[in-house]
Amino acid sequence: MSKIKINIKNQNYNVLIGNNLLKNTIKILKVNSIDFSKCLLVIDKNVPRKFSNQLRDVLKKKKIFTFYFNSNEKNKSQKTINSLTDILLKNNFHRNDCLISMGGGITGDVSSFCASIFKRGMKFINVPTTLLAQVDSSIGGKTSINSTYGKNLIGTFYQPSLVISDTNFLKSLPKREILCGFAEILKHSLIMNKKLFVYLDKNSNKIMELDNFLLKKIIFKSCLIKKKVVQKDEKEKNLRQILNFGHTFGHAFEATIKYSSKINHGEAVLLGMYCATNFAYKKKILKKTEYEKIINHYKKLNLPMNLKKFFSIKDINNILSFMKKDKKNKNNKINLVLPKKIGNVNYDFMFSESVLKKFFQEQLTK
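Nothing here was measured: the structure is a model prediction, and the numbers come from that model.

Visitor: Mind showing me how you'd approach the packing of aromatic side chains here?
Guide: With the rule as written, the count across this model stands at 14 aromatic pairs. Connected via pairs of aromatic rings, a cluster forms that spans Phe 249, Phe 253, Phe 279, Phe 310, Phe 311, Phe 349, Phe 351, Phe 359 and Phe 360. Lying over the aromatic face of Phe 93, Lys 38 brings its terminal NZ or CZ to 5.2 Å of the ring centre. Over the ring of Phe 36 we find Lys 62, and its NZ or CZ is 4.7 Å from the ring centre.

Visitor: Honestly, the sheet that holds strand β5 (residues 98-103) in this entry has me stumped. Any pointers?
Guide: Within a sheet, each strand pairs with its neighbour through backbone hydrogen bonds, oriented either parallel or antiparallel. Here we have 7 strands laid out as an open sheet, ordered β1-β2-β9-β6-β5-β3-β4, and mixed in their pairing. The open sheet has two edge strands, β1 (2-8) and β4 (63-69), and neither has a second partner. With strand direction ignored, the average angle separating the axes of adjacent strands in the sheet is 15 degrees. Relative to strand β9 (residues 162-166), strand β2 (residues 11-18) runs parallel, the two being bridged by 5 bridges. When the sheet's bridge partners are listed, Ile 17 is paired in β9 with Ser 165. Those strands touched by helix α3 (residues 78-90) are β3 (38-44), β4 and β5, and its axis lies near 165 degrees from that of β4. Of the strands in this sheet, β3, β4, β5 and β6 (123-128) touch helix α4 (residues 105-117), which is tilted by about 170 degrees from β5.

Visitor: Got a minute to help me understand empty space enclosed by the protein in this structure?
Guide: Over the atoms a probe the size of a water molecule is rolled, and this reveals where empty space is left. Following the criterion strictly, the structure yields 2 cavities of 30 Å³ or more and no others. The space that makes up the largest cavity amounts to roughly 50 Å³. In terms of lining, the largest cavity is formed by 13 residues, of which the most central are Ser 112, Phe 124, Ser 137, Gly 141 and Lys 142. Secondary-structure elements contributing two or more residues to the lining of the largest cavity are α4, β6 and β7 (142-147). Of the residues contributing to the lining of the largest cavity, the split by class is 4 nonpolar, 8 polar and 1 charged. Volume-wise, the second largest cavity comes out at about 40 Å³. Lining the second largest cavity are Leu 22, Thr 25, Leu 29, Leu 55, Ile 100, Ile 125, Val 127 and Ile 164. For the lining of the second largest cavity, a count of residues per class yields 7 nonpolar, 1 polar and no charged.

Visitor: Can you walk me through the nonpolar core in this structure?
Guide: Most often, soluble globular proteins keep nonpolar side chains buried together rather than apart. Residues Phe 249, Met 323 and Phe 360 are the most contacted members of the largest nonpolar core, which totals 82 residues. When residues of this core are assigned to their parent elements, the largest contribution, 10 residues, is made by helix α10 (residues 265-282). In contact with Met 323, not counting residues within four places along its chain, are Thr 248, Phe 249, Ala 252, Asn 329, Ile 334, Leu 336, Leu 356 and Phe 360. Ranked by size, the runner-up nonpolar core spans 22 residues in total, among them Leu 41, Val 47, Phe 51 and Ile 164.

Visitor: What is the right way to look at unusual backbone geometry in this model?
Guide: It is generally the case that most residues other than glycine have a negative phi and that most peptide bonds are trans. Positioned with a positive phi, Lys 284 is a non-glycine residue whose angle comes to about 60 degrees. Looking at the secondary structure, you find Lys 284 in the loop between α10 and α11 (288-301). For Lys 284, a relative accessible area of 76% translates into the label exposed.

Visitor: Looking at this structure, how should I read the environment of Val 345?
Guide: Its location among the elements puts Val 345 in strand β11 (residues 344-351). Apart from residues no more than four positions distant in its own chain, Val 345 is found in contact with Leu 190, Ile 191, Ile 242, Val 337, Leu 338, Pro 339 and Lys 340.

Visitor: How do you make sense of a nonpolar patch on the surface when you look at a structure like this?
Guide: Among the surface-exposed residues, Tyr 149, Leu 153 and Ile 154 lie close enough to one another that they form a single nonpolar patch of about 290 Å² accessible area. Relative to the elements of secondary structure, Ile 154 occurs in strand β8 (residues 150-157).

Visitor: Explain the pairing of β1 here, please?
Guide: For a regular strand, side-chain orientation follows a simple rule: the groups alternate between the two sheet faces. Here β1 pairs with β2 via 7 bridges, running antiparallel. Paired with Lys 5 across the two strands is Asn 14, which belongs to β2. Hairpin connection, β1 to β2: the antiparallel pair is bridged by 2 residues.

Calculation rules
- Per chain, residues are indexed from 1 in the order of the written sequence.
- Whole-chain, interface and lining totals are the exception, using all residues; otherwise, since this is a predicted model, local features are given only for residues with pLDDT of at least 70 and side-chain atom pairs are given and counted only at 80 or more.
- For side-chain calculations, the full set of non-hydrogen atoms in the structure is used, while hydrogens and water are omitted.
- A pair of aromatic rings is counted whenever rings of Phe, Tyr or Trp (Trp by its six-membered ring) have centres within 6.5 Å, and the orientation is called stacked for planes under 30 degrees apart, edge-to-face for over 60 and tilted otherwise.
- Placement of a positive charge over a ring is assigned whenever Lys NZ or Arg CZ falls within 6 Å of the ring centre and within 35 degrees of the normal to the ring plane.
- Two strands pair if DSSP finds at least two bridges between them.
- Each helix is a run of H or I in the DSSP string that is no shorter than four residues. Each strand is a run of E no shorter than two, and both are numbered from the N terminus.
- For helices, the axis comes from a line fit to the C-alpha atoms of the stretch in contact; other axes are also lines fit to C-alpha atoms, and the angle between any two N-to-C directions lies between 0 and 180 degrees.
- Residues are treated as being in contact if the distance between any of their heavy atoms lies within 4.5 Å.
- Cavities and pockets are defined on a 1 Å grid built over the protein atoms alone: a cavity is a set of grid points where a 1.4 Å probe fits but cannot escape, while a pocket is an open set with protein on both sides within 12 Å along at least five of seven lines, and lining residues are those with an atom within 4 Å of any such point.
- Grid points are joined across faces, edges and corners, and a volume is the space filled by probe spheres set on the points.
- For this scheme, ten residues count as nonpolar: Ala, Val, Leu, Ile, Met, Phe, Trp, Tyr, Cys and Pro. Four count as charged, namely Asp, Glu, Lys and Arg, and the remainder, Gly too, count as polar.
- Here the nonpolar core consists of buried residues drawn from Ala, Val, Leu, Ile, Met, Phe, Trp, Tyr and Cys, with membership extended through side-chain atoms lying within 4.5 Å.
- Burial here depends on accessible area, computed with a 1.4 Å probe over protein chains only, as a share of the maximum for the residue type. Under 20% is buried, over 50% is exposed, and the range in between is partly exposed.
- Like charges are joined within 9 Å and nonpolar side chains (Val, Leu, Ile, Met, Phe, Trp, Tyr) within 5 Å, but only among residues with over 30% relative accessible area and no salt bridge; these make up the patches.
- Per-residue and other accessible areas were derived by the Shrake-Rupley procedure at a 1.4 Å probe size, with only the shown protein chains allowed to occlude residues.
- When a carboxyl oxygen of Asp or Glu lies within 4 Å of a side-chain nitrogen of Lys or Arg, that pair is called a salt bridge.

Written out as C-alpha coordinates, the structure reads:
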(Lines give C-alpha, C1' and ligand atoms only; values in the text may rest on other atoms or scores of the structure.)
Protein backbone atom coordinates (compact mmCIF):
# COMPACT_ATOMS: atom_id res chain seq x y z
CA MET A 1 0.00 0.00 0.00
CA SER A 2 1.19 3.50 -0.87
CA LYS A 3 0.06 6.53 1.12
CA ILE A 4 -0.16 10.16 0.08
CA LYS A 5 -0.97 12.72 2.74
CA ILE A 6 -2.90 15.74 1.53
CA ASN A 7 -2.32 18.81 3.68
CA ILE A 8 -5.06 21.38 3.18
CA LYS A 9 -5.47 24.46 5.39
CA ASN A 10 -8.38 23.15 7.47
CA GLN A 11 -8.19 19.41 6.76
CA ASN A 12 -5.50 16.78 6.33
CA TYR A 13 -6.35 13.36 4.94
CA ASN A 14 -4.71 10.29 3.49
CA VAL A 15 -5.05 8.81 0.01
CA LEU A 16 -4.33 5.08 0.15
CA ILE A 17 -3.40 3.20 -3.04
CA GLY A 18 -2.96 -0.58 -3.30
CA ASN A 19 -4.45 -4.05 -3.78
CA ASN A 20 -7.10 -5.65 -1.55
CA LEU A 21 -7.56 -2.56 0.61
CA LEU A 22 -11.31 -3.04 0.87
CA LYS A 23 -11.07 -6.12 3.07
CA ASN A 24 -8.95 -4.13 5.54
CA THR A 25 -11.40 -1.22 5.82
CA ILE A 26 -11.97 -1.52 9.57
CA LYS A 27 -8.23 -1.56 10.29
CA ILE A 28 -7.75 1.38 7.91
CA LEU A 29 -10.47 3.38 9.67
CA LYS A 30 -8.87 2.70 13.04
CA VAL A 31 -5.37 3.68 11.88
CA ASN A 32 -6.80 6.91 10.42
CA SER A 33 -8.81 7.66 13.60
CA ILE A 34 -12.17 7.62 11.82
CA ASP A 35 -15.09 6.44 13.92
CA PHE A 36 -18.84 6.47 13.33
CA SER A 37 -21.85 4.40 14.33
CA LYS A 38 -24.03 4.98 11.28
CA CYS A 39 -23.20 5.27 7.58
CA LEU A 40 -24.92 5.80 4.24
CA LEU A 41 -23.29 3.88 1.40
CA VAL A 42 -23.82 5.51 -1.99
CA ILE A 43 -22.92 2.77 -4.45
CA ASP A 44 -22.62 3.09 -8.21
CA LYS A 45 -24.83 0.41 -9.81
CA ASN A 46 -22.00 -0.35 -12.23
CA VAL A 47 -19.73 -1.59 -9.42
CA PRO A 48 -19.75 -5.43 -9.32
CA ARG A 49 -21.92 -6.53 -6.40
CA LYS A 50 -19.08 -8.59 -4.90
CA PHE A 51 -17.29 -5.36 -3.97
CA SER A 52 -20.29 -3.65 -2.40
CA ASN A 53 -21.12 -6.86 -0.50
CA GLN A 54 -17.52 -6.99 0.73
CA LEU A 55 -17.75 -3.44 2.06
CA ARG A 56 -21.08 -4.14 3.74
CA ASP A 57 -19.62 -7.28 5.35
CA VAL A 58 -16.60 -5.50 6.82
CA LEU A 59 -18.85 -2.73 8.16
CA LYS A 60 -21.44 -5.14 9.60
CA LYS A 61 -21.01 -3.78 13.14
CA LYS A 62 -22.13 -0.33 11.92
CA LYS A 63 -25.72 0.66 11.18
CA ILE A 64 -25.72 0.69 7.37
CA PHE A 65 -28.08 2.34 4.88
CA THR A 66 -27.52 1.80 1.16
CA PHE A 67 -28.43 3.90 -1.87
CA TYR A 68 -27.71 2.30 -5.25
CA PHE A 69 -26.99 5.12 -7.67
CA ASN A 70 -27.56 4.99 -11.43
CA SER A 71 -24.40 6.91 -12.28
CA ASN A 72 -24.71 9.22 -15.26
CA GLU A 73 -24.44 12.95 -15.91
CA LYS A 74 -28.23 13.38 -16.02
CA ASN A 75 -28.52 11.99 -12.49
CA LYS A 76 -25.75 14.27 -11.22
CA SER A 77 -28.59 16.51 -10.17
CA GLN A 78 -30.47 18.27 -7.38
CA LYS A 79 -33.09 15.51 -7.57
CA THR A 80 -30.48 12.93 -6.50
CA ILE A 81 -29.27 15.22 -3.71
CA ASN A 82 -32.84 15.49 -2.44
CA SER A 83 -33.12 11.68 -2.38
CA LEU A 84 -29.89 11.34 -0.38
CA THR A 85 -30.68 14.07 2.13
CA ASP A 86 -34.13 12.54 2.66
CA ILE A 87 -32.47 9.26 3.73
CA LEU A 88 -30.09 11.11 6.06
CA LEU A 89 -32.82 13.23 7.65
CA LYS A 90 -35.41 10.44 8.02
CA ASN A 91 -32.84 8.24 9.78
CA ASN A 92 -31.55 11.01 12.05
CA PHE A 93 -27.97 11.06 10.80
CA HIS A 94 -25.58 13.32 12.70
CA ARG A 95 -22.51 15.23 11.57
CA ASN A 96 -20.28 12.61 13.16
CA ASP A 97 -21.89 9.86 11.10
CA CYS A 98 -20.44 9.02 7.70
CA LEU A 99 -21.34 9.05 4.03
CA ILE A 100 -19.27 6.60 1.97
CA SER A 101 -19.12 6.79 -1.80
CA MET A 102 -18.21 3.69 -3.82
CA GLY A 103 -18.07 4.39 -7.54
CA GLY A 104 -16.65 6.58 -10.25
CA GLY A 105 -16.27 10.34 -10.39
CA ILE A 106 -19.96 11.12 -10.81
CA THR A 107 -20.86 9.10 -7.74
CA GLY A 108 -18.06 10.74 -5.78
CA ASP A 109 -19.05 14.26 -6.88
CA VAL A 110 -22.70 13.78 -5.91
CA SER A 111 -21.87 12.04 -2.62
CA SER A 112 -19.30 14.61 -1.53
CA PHE A 113 -21.65 17.50 -2.39
CA CYS A 114 -24.35 15.89 -0.27
CA ALA A 115 -21.91 15.35 2.62
CA SER A 116 -20.74 18.97 2.39
CA ILE A 117 -24.23 20.49 2.73
CA PHE A 118 -25.83 18.05 5.20
CA LYS A 119 -25.86 19.83 8.56
CA ARG A 120 -23.01 21.97 7.13
CA GLY A 121 -20.72 18.99 6.73
CA MET A 122 -20.57 15.33 7.76
CA LYS A 123 -17.77 12.76 7.55
CA PHE A 124 -17.09 11.61 4.01
CA ILE A 125 -15.03 8.67 2.75
CA ASN A 126 -14.39 8.21 -0.96
CA VAL A 127 -13.79 4.73 -2.39
CA PRO A 128 -13.10 5.50 -6.08
CA THR A 129 -13.61 2.48 -8.32
CA THR A 130 -12.49 3.82 -11.71
CA LEU A 131 -9.04 4.84 -12.85
CA LEU A 132 -10.39 8.30 -13.65
CA ALA A 133 -11.74 8.82 -10.13
CA GLN A 134 -8.62 7.39 -8.48
CA VAL A 135 -6.32 9.91 -10.17
CA ASP A 136 -8.64 12.90 -10.39
CA SER A 137 -11.95 13.61 -8.68
CA SER A 138 -11.22 11.74 -5.44
CA ILE A 139 -8.43 14.21 -4.58
CA GLY A 140 -8.79 17.92 -3.98
CA GLY A 141 -12.23 18.37 -2.49
CA LYS A 142 -14.24 19.58 -5.47
CA THR A 143 -17.91 18.60 -5.20
CA SER A 144 -20.59 19.33 -7.76
CA ILE A 145 -23.83 18.65 -9.55
CA ASN A 146 -24.93 19.73 -13.03
CA SER A 147 -27.69 22.07 -14.11
CA THR A 148 -29.46 22.87 -17.37
CA TYR A 149 -26.98 25.75 -17.73
CA GLY A 150 -23.90 23.53 -17.78
CA LYS A 151 -21.69 21.00 -16.05
CA ASN A 152 -20.47 21.32 -12.44
CA LEU A 153 -21.89 24.83 -11.98
CA ILE A 154 -23.33 24.04 -8.52
CA GLY A 155 -20.90 22.79 -5.91
CA THR A 156 -18.60 23.34 -2.95
CA PHE A 157 -15.05 22.67 -1.84
CA TYR A 158 -15.17 19.92 0.78
CA GLN A 159 -12.27 17.62 1.63
CA PRO A 160 -12.90 13.92 2.39
CA SER A 161 -11.86 12.27 5.65
CA LEU A 162 -10.15 9.49 3.69
CA VAL A 163 -9.68 8.13 0.15
CA ILE A 164 -9.28 4.37 -0.38
CA SER A 165 -8.11 3.58 -3.93
CA ASP A 166 -8.17 -0.21 -4.29
CA THR A 167 -6.65 -1.18 -7.64
CA ASN A 168 -8.64 -4.44 -7.62
CA PHE A 169 -11.61 -2.45 -8.89
CA LEU A 170 -9.77 -1.64 -12.11
CA LYS A 171 -9.79 -5.27 -13.26
CA SER A 172 -13.56 -5.06 -13.69
CA LEU A 173 -13.46 -2.00 -15.97
CA PRO A 174 -13.99 -2.05 -19.74
CA LYS A 175 -11.18 -0.60 -21.87
CA ARG A 176 -13.21 2.55 -22.53
CA GLU A 177 -13.16 3.34 -18.79
CA ILE A 178 -9.43 2.67 -18.51
CA LEU A 179 -8.94 5.14 -21.37
CA CYS A 180 -10.92 7.74 -19.42
CA GLY A 181 -8.57 7.43 -16.48
CA PHE A 182 -5.56 7.51 -18.75
CA ALA A 183 -6.85 10.86 -20.03
CA GLU A 184 -6.34 12.46 -16.62
CA ILE A 185 -2.94 10.86 -16.11
CA LEU A 186 -1.90 12.16 -19.53
CA LYS A 187 -3.27 15.57 -18.57
CA HIS A 188 -1.20 15.63 -15.38
CA SER A 189 1.94 14.80 -17.35
CA LEU A 190 1.26 17.52 -19.94
CA ILE A 191 0.65 20.25 -17.37
CA MET A 192 3.50 19.53 -14.95
CA ASN A 193 5.73 16.50 -15.57
CA LYS A 194 7.45 15.84 -18.90
CA LYS A 195 9.24 12.78 -17.46
CA LEU A 196 5.85 11.20 -16.75
CA PHE A 197 4.75 11.95 -20.33
CA VAL A 198 7.85 10.18 -21.67
CA TYR A 199 7.16 7.22 -19.34
CA LEU A 200 3.52 7.02 -20.48
CA ASP A 201 4.55 7.20 -24.12
CA LYS A 202 7.05 4.38 -23.63
CA ASN A 203 4.73 2.11 -21.59
CA SER A 204 1.27 2.98 -22.90
CA ASN A 205 0.45 -0.49 -24.23
CA LYS A 206 1.35 -2.21 -20.94
CA ILE A 207 -0.73 0.33 -19.05
CA MET A 208 -3.75 -0.40 -21.24
CA GLU A 209 -3.22 -4.10 -20.56
CA LEU A 210 -3.54 -3.27 -16.83
CA ASP A 211 -0.03 -4.25 -15.82
CA ASN A 212 -0.45 -4.07 -12.04
CA PHE A 213 2.99 -2.66 -11.20
CA LEU A 214 2.79 0.06 -13.85
CA LEU A 215 -0.77 0.99 -12.87
CA LYS A 216 0.10 1.53 -9.22
CA LYS A 217 3.17 3.51 -10.22
CA ILE A 218 1.38 5.92 -12.55
CA ILE A 219 -1.60 6.32 -10.20
CA PHE A 220 0.81 7.28 -7.43
CA LYS A 221 2.79 9.68 -9.65
CA SER A 222 -0.40 11.23 -11.00
CA CYS A 223 -1.85 11.72 -7.51
CA LEU A 224 1.38 13.40 -6.39
CA ILE A 225 0.96 15.99 -9.15
CA LYS A 226 -2.61 16.73 -8.12
CA LYS A 227 -1.56 16.88 -4.44
CA LYS A 228 1.10 19.47 -5.29
CA VAL A 229 -1.41 21.65 -7.10
CA VAL A 230 -4.34 21.50 -4.65
CA GLN A 231 -2.13 22.06 -1.61
CA LYS A 232 -0.92 25.32 -3.15
CA ASP A 233 -4.36 26.44 -4.32
CA GLU A 234 -7.32 24.64 -2.73
CA LYS A 235 -10.04 27.04 -3.94
CA GLU A 236 -8.87 27.41 -7.55
CA LYS A 237 -7.86 31.05 -7.25
CA ASN A 238 -4.86 30.70 -9.57
CA LEU A 239 -2.54 27.66 -10.00
CA ARG A 240 -5.28 25.02 -9.65
CA GLN A 241 -6.79 26.28 -12.89
CA ILE A 242 -4.10 24.34 -14.77
CA LEU A 243 -6.03 21.17 -13.86
CA ASN A 244 -8.74 22.41 -16.24
CA PHE A 245 -6.52 21.77 -19.25
CA GLY A 246 -8.85 20.35 -21.91
CA HIS A 247 -11.91 20.77 -19.68
CA THR A 248 -13.30 24.07 -21.00
CA PHE A 249 -13.61 22.40 -24.40
CA GLY A 250 -14.52 19.00 -22.93
CA HIS A 251 -17.35 20.18 -20.66
CA ALA A 252 -18.87 22.12 -23.56
CA PHE A 253 -18.71 19.00 -25.75
CA GLU A 254 -20.50 16.93 -23.11
CA ALA A 255 -23.22 19.55 -22.57
CA THR A 256 -23.76 20.05 -26.31
CA ILE A 257 -24.66 16.37 -26.79
CA LYS A 258 -26.70 16.48 -23.56
CA TYR A 259 -24.40 14.12 -21.66
CA SER A 260 -25.27 11.19 -23.90
CA SER A 261 -23.21 8.00 -23.99
CA LYS A 262 -21.91 9.05 -27.42
CA ILE A 263 -18.95 10.58 -25.58
CA ASN A 264 -18.07 10.12 -21.91
CA HIS A 265 -16.16 12.53 -19.67
CA GLY A 266 -12.70 11.10 -20.26
CA GLU A 267 -13.17 11.02 -24.03
CA ALA A 268 -14.47 14.60 -23.96
CA VAL A 269 -11.39 15.71 -22.00
CA LEU A 270 -9.08 13.88 -24.42
CA LEU A 271 -10.79 15.62 -27.34
CA GLY A 272 -10.62 18.88 -25.38
CA MET A 273 -6.88 18.50 -24.74
CA TYR A 274 -6.37 17.80 -28.44
CA CYS A 275 -8.28 20.98 -29.32
CA ALA A 276 -6.34 23.03 -26.75
CA THR A 277 -3.05 21.63 -28.09
CA ASN A 278 -4.04 22.29 -31.70
CA PHE A 279 -5.27 25.79 -30.85
CA ALA A 280 -2.02 26.57 -28.98
CA TYR A 281 0.03 25.42 -31.97
CA LYS A 282 -2.02 27.55 -34.39
CA LYS A 283 -1.57 30.58 -32.12
CA LYS A 284 2.22 29.95 -31.98
CA ILE A 285 2.08 29.32 -28.23
CA LEU A 286 3.31 25.73 -28.65
CA LYS A 287 6.30 24.80 -30.81
CA LYS A 288 5.90 22.33 -33.67
CA THR A 289 8.25 19.71 -32.14
CA GLU A 290 6.25 19.63 -28.88
CA TYR A 291 2.96 19.63 -30.77
CA GLU A 292 4.03 16.65 -32.86
CA LYS A 293 5.08 14.63 -29.79
CA ILE A 294 1.62 15.05 -28.29
CA ILE A 295 -0.18 14.33 -31.56
CA ASN A 296 1.94 11.23 -32.22
CA HIS A 297 1.05 9.95 -28.74
CA TYR A 298 -2.64 10.43 -29.58
CA LYS A 299 -2.20 8.56 -32.85
CA LYS A 300 -0.28 5.70 -31.22
CA LEU A 301 -3.16 5.04 -28.79
CA ASN A 302 -5.94 5.99 -31.20
CA LEU A 303 -7.19 8.69 -28.82
CA PRO A 304 -10.10 10.98 -29.85
CA MET A 305 -8.93 13.68 -32.28
CA ASN A 306 -11.71 14.01 -34.84
CA LEU A 307 -14.31 16.62 -33.91
CA LYS A 308 -16.35 15.72 -36.99
CA LYS A 309 -17.06 12.29 -35.49
CA PHE A 310 -19.19 13.97 -32.83
CA PHE A 311 -20.14 17.44 -34.11
CA SER A 312 -20.98 19.43 -37.22
CA ILE A 313 -20.95 23.11 -38.18
CA LYS A 314 -24.45 23.58 -36.75
CA ASP A 315 -23.18 22.64 -33.27
CA ILE A 316 -20.60 25.44 -33.06
CA ASN A 317 -22.88 28.07 -31.53
CA ASN A 318 -24.06 25.59 -28.92
CA ILE A 319 -20.50 24.61 -28.00
CA LEU A 320 -19.49 28.27 -27.70
CA SER A 321 -22.57 29.02 -25.59
CA PHE A 322 -21.45 26.45 -23.01
CA MET A 323 -17.83 27.59 -23.18
CA LYS A 324 -18.98 31.16 -22.40
CA LYS A 325 -20.69 29.89 -19.22
CA ASP A 326 -17.48 28.40 -17.86
CA LYS A 327 -16.95 29.64 -14.29
CA LYS A 328 -13.34 30.75 -14.97
CA ASN A 329 -14.30 33.33 -17.61
CA LYS A 330 -13.85 37.08 -17.16
CA ASN A 331 -14.81 40.18 -19.16
CA ASN A 332 -16.95 38.30 -21.70
CA LYS A 333 -13.92 36.39 -22.97
CA ILE A 334 -13.33 32.64 -22.83
CA ASN A 335 -10.54 31.45 -20.56
CA LEU A 336 -8.36 28.63 -21.87
CA VAL A 337 -5.55 26.60 -20.30
CA LEU A 338 -3.00 26.12 -23.09
CA PRO A 339 0.33 24.26 -23.30
CA LYS A 340 3.54 26.26 -23.79
CA LYS A 341 5.53 23.03 -23.86
CA ILE A 342 5.11 19.48 -22.50
CA GLY A 343 5.02 19.81 -18.72
CA ASN A 344 4.19 23.51 -18.73
CA VAL A 345 0.83 25.20 -19.32
CA ASN A 346 -0.52 28.70 -18.74
CA TYR A 347 -3.98 29.20 -17.25
CA ASP A 348 -4.78 32.83 -18.08
CA PHE A 349 -5.17 32.92 -21.86
CA MET A 350 -8.32 34.83 -22.87
CA PHE A 351 -9.91 34.71 -26.31
CA SER A 352 -13.00 36.20 -27.90
CA GLU A 353 -15.89 34.08 -29.07
CA SER A 354 -15.17 35.02 -32.69
CA VAL A 355 -11.59 33.66 -32.54
CA LEU A 356 -12.81 30.32 -31.21
CA LYS A 357 -15.66 30.23 -33.71
CA LYS A 358 -13.13 30.48 -36.54
CA PHE A 359 -11.08 27.68 -34.97
CA PHE A 360 -14.11 25.35 -34.80
CA GLN A 361 -15.10 26.20 -38.38
CA GLU A 362 -11.64 25.18 -39.55
CA GLN A 363 -11.75 21.95 -37.55
CA LEU A 364 -15.20 20.96 -38.83
CA THR A 365 -14.66 21.78 -42.50
CA LYS A 366 -11.14 20.45 -43.16
